[in-house]
Amino acid sequence: MSDTVYADPIPAATLVLFGASGDGPPEILIVERAAAMAFAGGALVFPGGRVDAEDRALALRDLSGDEHGAARIAAIREMIEEAGVAVGLTPQPDALQLAAIRSGLHHGAAFGELLVAHGLRLDPAALTPFARWCPRHANMRIFDTMFFVARLPEGAPAPVVDATENTRVFWASAQAVLDDADAGRVTIIFPTRRNLERLAQYAGFEDAVADAVHHGTPMITPWTENRDGADYLCIPDDAGYPVTAERLSDAKRA
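Counting restarts for each chain: residues are numbered from 1 in the order of the written sequence. The predicted nature of this model means local features are confined to residues of pLDDT at least 70 and side-chain atom pairs, given and counted, to a pLDDT of 80 or more, with totals for whole chains, interfaces and linings taken over all residues. Side-chain descriptors were evaluated using all non-hydrogen atoms of the structure, hydrogens and water having been removed beforehand.

**Student:** Honestly, unusual backbone geometry in this entry has me stumped. Any pointers?
**Tutor:** In terms of backbone geometry, most residues other than glycine have negative phi values and most peptide bonds are trans. Omega for the peptide link from Thr90 to Pro91 comes to -10°, which places this bond in the cis form. Only DSSP runs of H or I with at least four residues qualify as helices, and only runs of E with at least two residues qualify as strands; both kinds are numbered from the N terminus onward. Considering the arrangement of structural elements, one finds Pro91 in the loop between strand S5 (89-90) and helix H3 (95-106). Phi at Asp228 is positive, roughly 55°, even though this residue is not glycine. Within the element layout of this structure, Asp228 appears in the loop between strand S11 (223-227) and strand S12 (230-234).

This is the structure in structure tokens:
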């Protein structure tokens, strides 16, 4: 009998935010995790975090019947908390409203109550489900994470790092982040790398949405297999990812 112990997965959500259209490859919003963080410390990631009890309660109230409702809300909330950008809200909050909501969240206020106080509603259609990842790490926390893609709303303010969980927030193309990681200038973990490789294929936001709709969001749980004497960390070949295996010795895991 195996002694391997796997913790129950923790629901989480992350949001891949596409910037304003322009010349060249599309840019997406990236945050750099504080080195002291237990999960992905020092790594570049997409904004996101756990689905909390308030997210689930708000989903039951406002997004009943949406299987991804709580995750959508978590992704919207985390984007505000971590980067100061409001996505998936209507009407688009002004700068003062956004600052008040972000401050309220940082001080423990309920997201749903903040939305009501500022006359805002959820706009779940602004977020398109893109992928679902649930890596299994023995004797470690496991996150069952829904990835969404969305477009930066017109008139949205420049992102501002929260300076708690993260130390930097910036716009970059997916390929630029991959190039920096390959040069050793930054760190990215296995799921982030695979998703950046997938995102680097797209000419724009519409391509990402079309690909997401085509492939759906099957749960991706990487596994290890031996190929020609070397162990590889693998994912399915039919989920839209151009690279589906990496030497285990090279893969960075949270």
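Okay, back to it.
**Student:** Looking at this model, I keep getting lost on helix H1 (residues 53-62). Mind explaining?
**Tutor:** Each α-helix turn comprises 3.6 residues. Residues three or four places apart therefore point the same way. Residues Asp55, Leu58 and Ala59 constitute the buried set of H1. Burial along H1 is one-sided: seen end-on, the buried residues are contained in an arc of 105°. Across H1 from its buried face, at more than 90 degrees, point the exposed residues Ala53, Leu60 and Arg61. Those residues of H1 hidden inside the fold are in contact with strand S4 (48-50), helix H2 (69-83), helix H4 (111-117) and strand S6 (121-122). Capping of H1 at its N-terminal end is provided by Asp52; its side-chain oxygen lies 3.1 Å from the backbone amide nitrogen of Glu54. For each residue, the accessible area found with a 1.4 Å probe, counting protein chains only, is set against the maximum for its type, and the residue is called buried under 20%, exposed over 50%, and partly exposed in between. Directions drawn from the helix axis to the C-beta atoms are what define this arc. Only heavy atoms matter for contacts: two residues are in contact if any of them lie within 4.5 Å across the pair. Each polar contact in these results corresponds to two N or O atoms within 3.5 Å; when the atoms are within protein, one needs to be able to donate a hydrogen and the other to accept it, and residues that are neighboring in sequence are counted only if both atoms are side-chain atoms.

**Student:** Honestly, the packing of aromatic side chains in this entry has me stumped. Any pointers?
**Tutor:** In this description, a pair of aromatic rings is defined by centroid distance and the angle of the planes. Think of it this way: a Phe, Tyr or Trp ring, Trp meaning its six-membered ring, pairs with another when their centres are within 6.5 Å, and the plane angle makes it stacked under 30 degrees, edge-to-face over 60, tilted otherwise. Overall, the coordinates contain five aromatic pairs when judged by the stated rule. Seen in terms of ring centroids, Phe46 and Phe147 are 6.4 Å apart; in terms of plane orientation they differ by 80°. Their pairing is edge-to-face. One end of the pair, Phe46, is in the loop between strand S3 (44-45) and S4; the other, Phe147, is in strand S8 (residues 143-151), and 101 residues separate them in sequence. A single burial state applies to Phe46 and to Phe147, both of which are buried. Through a chain of ring-to-ring contacts, the aromatic side chains of Trp133, Phe190 and Tyr241 assemble into a single cluster. Only lysine NZ and arginine CZ atoms are considered, and such an atom sits over a ring when it is within 6 Å of the ring centre and within 35 degrees of the ring normal. Between the NZ or CZ atom of Arg198 and the centre of the ring of Tyr241, over which it lies, the distance is 4.8 Å. In this arrangement the basic side chain of Arg227 is found over the ring face of Tyr232, its NZ or CZ atom lying 5.8 Å from the centre.

**Student:** Looking at this structure, I do not really get the sheet that holds S11. What am I missing?
**Tutor:** Note: strands within a sheet are paired through backbone hydrogen bonds, in either parallel or antiparallel orientation. Any two strands with at least two DSSP bridges between them are considered paired. The strand order across the open sheet built from three strands is S11-S12-S13, with neighbouring strands paired in antiparallel fashion. Edge positions in the sheet fall to S11 and strand S13 (245-247), since each has one partner strand and no second. Across the sheet, the axes of successive neighbouring strands diverge by a mean angle of 35°, strand direction being ignored. In this structure, S12 lies alongside S13, joined through three bridges in antiparallel fashion. All axes are obtained by fitting lines to C-alpha atoms, using only the stretch in contact for helices, and the reported angles, taken between N-to-C directions, cover 0 to 180 degrees.

**Student:** Please clarify how the pairing of S12 should be interpreted in this entry.
**Tutor:** In regular strands, side chains alternate between the two faces of the sheet. In terms of burial, S12 is a largely internal element, four of the five residues being buried. Looking at chain direction, S11 and S12 are connected through five bridges and run antiparallel. Across the sheet, Arg227 pairs through a bridge with Ala230, a residue of S12. The hairpin formed by S11 and S12 contains two residues between the paired strands, and Asp228 there has a positive phi angle of roughly 55°.

**Student:** So what exactly am I meant to see when it comes to the environment of Asp123 here?
**Tutor:** Checked against the element boundaries, Asp123 lands in the loop between S6 and strand S7 (128-133). Considered as a pair, Asp123 and Ala163 are 40 residues apart in the sequence and their alpha carbons are 27 Å apart. The contact partners of Asp123, leaving out residues within four places of it in the chain, are Gly88, Leu89 and Thr90.

**Student:** Whenever I open this one, the side chain of Asp211 confuses me. Can you help?
**Tutor:** Structurally, Asp211 can be placed in helix H7 (residues 205-215). Judged by relative accessible area, Asp211 falls into the buried class, the value being 15%. When sequence neighbours within four positions are dropped, the list of residues in contact with Asp211 reads Arg198, Tyr202 and Gly240.

**Student:** Please explain the pattern of salt bridges as it appears in this structure.
**Tutor:** A side chain with one charge may pair with a side chain of the opposite charge, provided their charged atoms come close. Counted as salt bridges are all cases of a side-chain nitrogen of Lys or Arg within 4 Å of a carboxyl oxygen of Asp or Glu. Counted according to the given criterion, the structure contains 17 salt bridges. Glu32 is the salt-bridge partner of Arg168, the closest N and O atoms lying 2.9 Å from each other. With Arg168 in strand S9 (residues 166-173) and Glu32 in strand S2 (residues 27-33), this residue pair connects regions lying 136 residues apart in the sequence. A relative accessible area of 35% places Arg168 in the partly exposed class. Each of Asp52, Asp55, Arg77, Glu78 and Glu81 takes part in salt bridges that share partners, so that together they form one network.

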